Amino acid sequence: MGYALSLTVAMAVLWLMLSGHYDSTLLLSLGAGSAIFASALAWRLHILDGETSPYHKLWRFFVYWPWLLWEVIKANIIVIRTILQPDMVLTPRMVRVKTMPKTDMGRALFANSITLTPGTVSVDLDADEVIVHAVLKELTGKEGFADMAARCARACGEKDPVK
Amino acid sequence: MIFATSLLLMASMALMLVRLLRGPQLYDRVLAVNSFGTKTILFLCVFAFLIGRSDAVDIALLYALMNFIATIAILKFFRYRALDVALSRTRRRGEAR
Amino acid sequence: MSDLLHILDILRPYVAGIALLSGGVIVLIGASGVLRLPDFYTRLHAAGVTDTLGTLLVLLGLILLSGFTLLSGKLALVGLFLLLTSPAATHAVANAAHKAGLKPRLGTIQNPSPDEAKGDAS
């Protein structure tokens, strides 16, 4: 029930933001109807759970995202400097990262964070490892991946984060 | 400033077209199309300010969603040669959790 | 306090212009990287530069220009969509290439010519 309610509220906020109509009663009621209808469809599809409606634990991500943003900016500077060198020197590597968060959502967040950081792309994803392609060998440090995995696990509410 | 940014975005879109035409592998081309789409979205946002109408941002929003779905659809088609294949292997149709 | 706000309001278009121009330049750098880098897997990283920092800077500049309105909310939504979907799309392309058996060039590559690794055009 909480999932349905938070999904409906999120849909209504999205509708208000996209339409920009606040004065017509007909349009507002149609918007509210469509938000409720979308939630009802999600409930009938049996997909209404913490993955499709994660809004009640979103506050944890607001700790993770600023850190990720800073990492992304740092990695961007490294990759831009590499591209702009007249004598380009690349040291591409394929590495297996074994430290992973335990929940599905944590693993998805971890792989997406690796891909979002320029210089590293997650190429394949398994239950207990990610295969990562990195453009420079400096970007494949084990400590960095372990740190990111621990932060992802914490952002998804795991009690005992990976070491 | 806005005009200069739109010119820079147009130039990078042209570079993407070069990669699209030259890219030796299929995947280079898909990557170029996807990246071209990202630049189109940014250009549409800048274009909204250039002509002073905010409608173009709505088109950019739609394009952001379509671009993602188009990339996934192209990749899926070239892997299975069909689009009506389930992506998930563990859960079948009509099966509840 | 109101003086400080006033100064910030005067500075706003300039900061927005700097953000827009640097975002455009970074998008161009990413695009030239996609042209210059030697093989598919390394080109992914150059496309990632455009997807993250270029997008963020251009949209930040536009949000600063529009101020606190519905339009800036929509621009933030565009940025959110892009940042959520671009890693998924990049991973999908990389995974498809990996599953299809495309081998990356590893080791140290110096001064690569852009189309050195010519594969069969599939």
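Model, not experiment: these values are computed from the prediction. (Residues numbered from 1 in each chain as written. Chains lettered and ligands numbered in written order. Predicted model: local features only at pLDDT ≥ 70, side-chain atom pairs only at ≥ 80, totals over all residues. Heavy atoms only, no water.)

Right, let's get into the overall build of chain B. For chain B, the count of helices and strands is three helices and zero strands. Among the 97 residues that make up chain B, the fraction classed as buried is 42%. Here the contacts in chain B between residues at least 6 apart in sequence split such that 47% fall between residues at least 24 apart. (Helix = DSSP H or I, 4+ residues; strand = E, 2+ residues; numbered from the N terminus. Buried < 20%, exposed > 50% of the residue type's maximum accessible area, 1.4 Å probe, protein only. Contact = heavy atoms within 4.5 Å.)

Glancing now at the overall build of chain A. The number of helices and strands found in chain A is five helices and four strands. Seen in sequence order, chain A has helices and strands lined up from the N terminus as α-α-α-β-β-α-β-β-α. A globule of 163 residues ought to have a C-alpha radius of gyration of about 15 Å, yet chain A, at 20 Å, is considerably larger. With the C-alpha coordinates aligned to their principal axes, the bounding extent of chain A is approximately 65 × 40 × 25 Å. Burial analysis of chain A (163 residues in total) assigns 42% to the buried set. Counting every atom, chain A has about 9,100 Å² of accessible surface; 67% of that belongs to carbon and sulfur. Averaging the locations of the 16 positively and 15 negatively charged side chains of chain A gives two centres separated by 5 Å. (Rg over C-alpha atoms; globule rule 2.2 N^0.38 Å. Areas by Shrake-Rupley, 256 points an atom, 1.4 Å probe, with all protein chains shown as cover. Lys, Arg positive; Asp, Glu negative; His and termini not counted. Charge placed at Lys NZ, Arg CZ, Asp CG, Glu CD.)

Now for the sheet that holds strand β3 (residues 120-125) of chain A. Residues and elements named next belong to chain A. An order of β2-β4-β3 is seen for the three strands of this open sheet, with the pairing classed as antiparallel. Looking at the sheet topology across the chains shown, the edges are occupied by β2 (93-97) and β3. The average undirected angle you get between the axes of adjacent strands in this sheet is 30 degrees. Bridge analysis of β2 against strand β4 (residues 130-134) gives five bridges, and the strand direction is antiparallel. The residue of β4 that forms the bridge with valine 95 is valine 132. Against the sheet, helix α4 (residues 104-116) contacts β2, β3 and β4, and its axis sits at roughly 145 degrees relative to β3. (Pairing = 2+ DSSP bridges. Axes fitted to C-alpha atoms, helices over the stretch in contact; angles between N-to-C directions.)

Residues in a regular strand project their side chains so that they alternate between the two faces of the sheet. All names here are of chain A. The element β4 is largely enclosed, with a buried count of five among its five residues. In β4, alternate side chains face the same way, and those of Val130, Val132 and Ala134 on one face and Ile131 and His133 on the other are all buried. As paired elements, β3 and β4 share five bridges and run antiparallel to each other. Its bridge partner being in β4, serine 122 is matched across the sheet by valine 132.

All names here are of chain A. The phi angle at histidine 46 is positive, at roughly 60 degrees, despite the residue not being glycine. One can find histidine 46 in the loop between α2 (25-44) and α3 (58-84). Looking at histidine 46, the relative accessible area reads 52%, which means it is exposed.

Attention now goes to the packing of α3 of chain A against helix α5 (residues 142-155) of chain A. Residue and element names in this part refer to chain A. Two elements in contact, α3 and α5, have axes whose closest approach is 9 Å; the angle formed by their N-to-C orientations is 155 degrees. Taken together, the axes of α3 and α5 are roughly antiparallel relative to one another. Counting all contacts with α3, which are made through Arg60, Phe61, Tyr64, Trp67 and Leu68, the residues of α5 involved are Asp147, Met148, Arg151, Cys152, Arg154 and Ala155. Across the contact of α3 with α5, the residue classes tally to seven nonpolar, no polar and four charged. (Parallel < 35°, antiparallel > 145°, perpendicular 65-115°, else oblique. Nonpolar A, V, L, I, M, F, W, Y, C, P; charged D, E, K, R; others polar.)

To continue, consider the interface of chain B and chain C. Listed per partner, the contact involves 40 residues of chain B and 50 residues of chain C. Across the chain B/chain C interface, buried area totals approximately 4,100 Å², and carbon plus sulfur atoms make up 77% of it. Taken together, the connections running from chain B to chain C amount to two salt bridges. With its nearest N and O atoms 2.3 Å apart, the salt bridge here joins arginine 43 of chain C to aspartate 28 of chain B. (Buried area = accessible area lost by both parts, 1.4 Å probe. Salt bridge = Lys/Arg side-chain N within 4 Å of Asp/Glu carboxyl O.)

So, about the domain arrangement of chain A. We note that the domain assignment places domain 1 (2-44) and domain 2 (59-155) within chain A. Look at where the C-alpha atoms of domain 1 of chain A and domain 2 of chain A centre, and you get two points 36 Å apart. (Domains from an automatic or database assignment.)

The next thing to look at is the packing of α4 of chain A against α5 of chain A. All names here are of chain A. Running from N to C, α4 and α5 point in directions that differ by 135 degrees, and their axes come no closer than 9 Å. Judged by the inter-axis angle, α4 sits oblique to α5. You can see that α4 and α5 cross each other, and the crossing is right-handed. When α4 is examined against α5, the residues Gly106, Leu109, Phe110, Ser113 and Ile114 are found in contact with a partner set consisting of Phe145, Met148, Ala149, Cys152 and Ala155. Looking at side-chain class alone, the contact of α4 with α5 contains eight nonpolar, two polar and no charged residues. (Left-handed = near helix turned anticlockwise from the far one by under 90°.)

Our focus in this paragraph is the pattern of salt bridges. The full count for this structure, using the stated rule, is ten salt bridges over all chains. Residues lysine 74 of chain C and aspartate 58 of chain B are paired through a salt bridge, measuring 3.0 Å at the closest nitrogen-oxygen approach. Placement of the pair is lysine 74 of chain C in helix α3 (residues 70-99) and aspartate 58 of chain B in helix α3 (residues 55-80), with the two residues belonging to separate chains. The class for aspartate 58 of chain B is partly exposed, based on a relative accessible area of 31%.

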